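Here is what each chain is made of, one letter per residue.
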Amino acid sequence: MRPTRRLLLFLVLLSSQTLWLRAQDITLPLKSGSVRFAAIGDMGNGEPAQYEIAQRMLEFRQKFSFNFVIMLGDNIYGGKSPAELQKKFELPYKPLLDAGVQFYASLGNHDDTNERFYKFFNMNGERYHSFKKGNVHFFAIDSTYLDPKQLAWLEKELASSGSDWKFAYFHHPLYSSGGRHGSDTALRDQLEPLFLKYGVDVVLAGHEHFYERLKPQKGIHYFISGGAGKLRKGDVGGEFTEKAFDTGFHFMIFELLDDRLHFQVITDQGKTVDSGIIERRKVDTKAAPSVPAAPPAKPVPPTTRCSDK
Amino acid sequence: MWGGFQFMHPDGWWRALTLAVLTAAAPQPAAPAPQSVAFGDFSQRVEQYLKLRKALPNERTTKSPKQIVDRRHALAEAIRQARSGAKQGDIFTPEISVEFLRVIRGTLAGANAPNVRRTIRQGEPVANLHLTVNGPYPEHLPQTTVPPTMLLRLPQLPEKIAYRIVGHDFVLQDSEARLVIDFIPGALP
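Residues numbered from 1 in each chain as written. Chains lettered and ligands numbered in written order. Predicted model: local features only at pLDDT ≥ 70, side-chain atom pairs only at ≥ 80, totals over all residues.

Draft legend 1. Geometry of the confidence of the model for chain B. Residues and elements named next belong to chain B. Here chain B averages 82 in pLDDT, and 82% of its residues register 70 or above. Mean pLDDT across the elements of chain B bottoms out in helix α1 (residues 10-22) (39) and peaks in strand β3 (residues 179-184) (98). Low confidence marks residues 1-33, where pLDDT is under 50. Its contacts with residues over four positions away, or in another chain, come to 52 contacts. The ipTM value of the predicted complex is 0.83, and its pTM value is 0.86. (pLDDT = per-residue confidence, 0-100. Helix = DSSP H or I, 4+ residues; strand = E, 2+ residues; numbered from the N terminus. Contact = placed C-beta atoms within 7 Å.)

Written out as structure tokens, the structure is:
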């Protein structure tokens, strides 16, 4: 074999070995028939970190074959020209798009409302929308402009949902330990009663450029995942924090099997900084709004040390 | 021609817009507004604006970012031409502004005021934008958050139009064209 071919073969083997090593951190059950997806937030700036996270997502997908991604807003920062949209979405996620992975966006304050017409975002021309995957109903809310019409829509959708699991996702967090933004209490006043009344299980938000798993609030599990392209170090930690990470970029993966939701948080270095299992709570949505106790997520020991704050 | 989006030269838009405005059917009623004469007048003025907008084709979903951007620019240009004489106060007349100020300042002074102000702050407020009617709401700026408690007390708007807060000013924005329709200077103390 010629030296150049040998070098090429060596590089290919090294590269595949690196991918394999990076994807070894997966601790989800990886069972057939489960609903699998990823979540990213505050990603659309076209900078190297966004591309790094997209690459890690691709690598982890080799072992954990998620087929859709939910987007927690700020999908396209700054300029919105066709070239910018390519640089900030189509190029970084091209391998995932080519593999048939679907992206379901919610709008952040840096997004243009016209993004709802962008077919790759699967919003069907609507600022807010819902969709079902298996036994999960997802509700993508426009938290920048929560008008009465949207609230009425949300209540109708939640009331008529027959799904076992209900996930709400949007940009501005109802609970947050972030120093820069913190909890959006006016938004919470409107949304939380609906979430409680209709048994929303999990709420995901972005806006804060870090990861935070909050202590369950009135039975609902809240996550902030706003570090798939932006990072604000030293900004998280407080009364709501169960686990936090703000020293690197990250994305989340989820696997849902019957009454158990498994989650894992992966950094741009391919390391797991949080993971756990959430048991579905049973809520009687026909009864008056109730606040059933929810146990905190059962932690699964991460393979690397996480930063507890 | 109007069945779907086709990018047209601005002159084409203008001709089509003029024709459609002249032949426009009765406008669709705006969403129900809180009961007051001033808010009723406001909703009628929004309907008049919508009559112009109604002449333009609705967007369809597309994989082409260029189509989306071209359509937004063409839309903004057509609206500017159709409202070339528009000025501040055409929609937010003095009487309407008084009613809006009553609601806005009431929301900012009520029991829930700290939450409302926090939401405005957390929405990354835009401070240094010189507003002009028909002027752009630049694409690199965030869309500022109007607290839901305020939205509940103001007349509802159709999907293509939104209220925004820019510094101390209260703005009526065409959210698809990213264009300032009108504004109330100094509405927020």
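Draft legend 2. Spatial organisation of the sheet that holds strand β1 (residues 161-166) of chain B. All names here are of chain B. An order of β1-β2-β3 is seen for the three strands of this open sheet, with the pairing classed as antiparallel. Of all the strands in the sheet, the pair left with one neighbour each is β1 and β3. For this sheet, the mean angle separating the axes of adjacent strands, direction not counted, is 30°. Here β1 runs beside strand β2 (residues 169-174); their pairing, made up of six bridges, is antiparallel. By the bridge assignment, isoleucine 165 is partnered in β2 with phenylalanine 170. (Pairing = 2+ DSSP bridges. Axes fitted to C-alpha atoms, helices over the stretch in contact; angles between N-to-C directions.)

Draft legend 3. Geometry of the nonpolar core. In this structure, Ala38, Ala39, Ile40 and Val203 of chain A are the most contacted members of the largest nonpolar core, which totals 119 residues. The leading source of residues in this core is helix α3 (residues 65-82) of chain B, at seven residues. Each of domain 1 (10-82) and domain 2 (94-184) of chain B gives at least three residues to this core. (Core = buried A, V, L, I, M, F, W, Y, C linked by C-beta atoms within 7 Å. Buried ≥ 20, exposed ≤ 12 C-beta atoms within 10 Å, placed from the backbone. Domains from an automatic or database assignment.)

Draft legend 4. The arrangement of the interface of chain A and chain B in detail. In this assembly, 33 residues from chain A lie in contact with 34 residues from chain B. Those elements that place two or more of their residues in the side of chain A that touches chain B are α3 (82-90), α5 (148-160) and α6 (185-197) of chain A. Among the elements that line the side of chain A that touches chain B, the one with the most residues is α6 of chain A, at five residues. A breakdown of the residues in the side of chain A that touches chain B according to their chemical character gives ten nonpolar, 16 polar and seven charged. (Nonpolar A, V, L, I, M, F, W, Y, C, P; charged D, E, K, R; others polar.)

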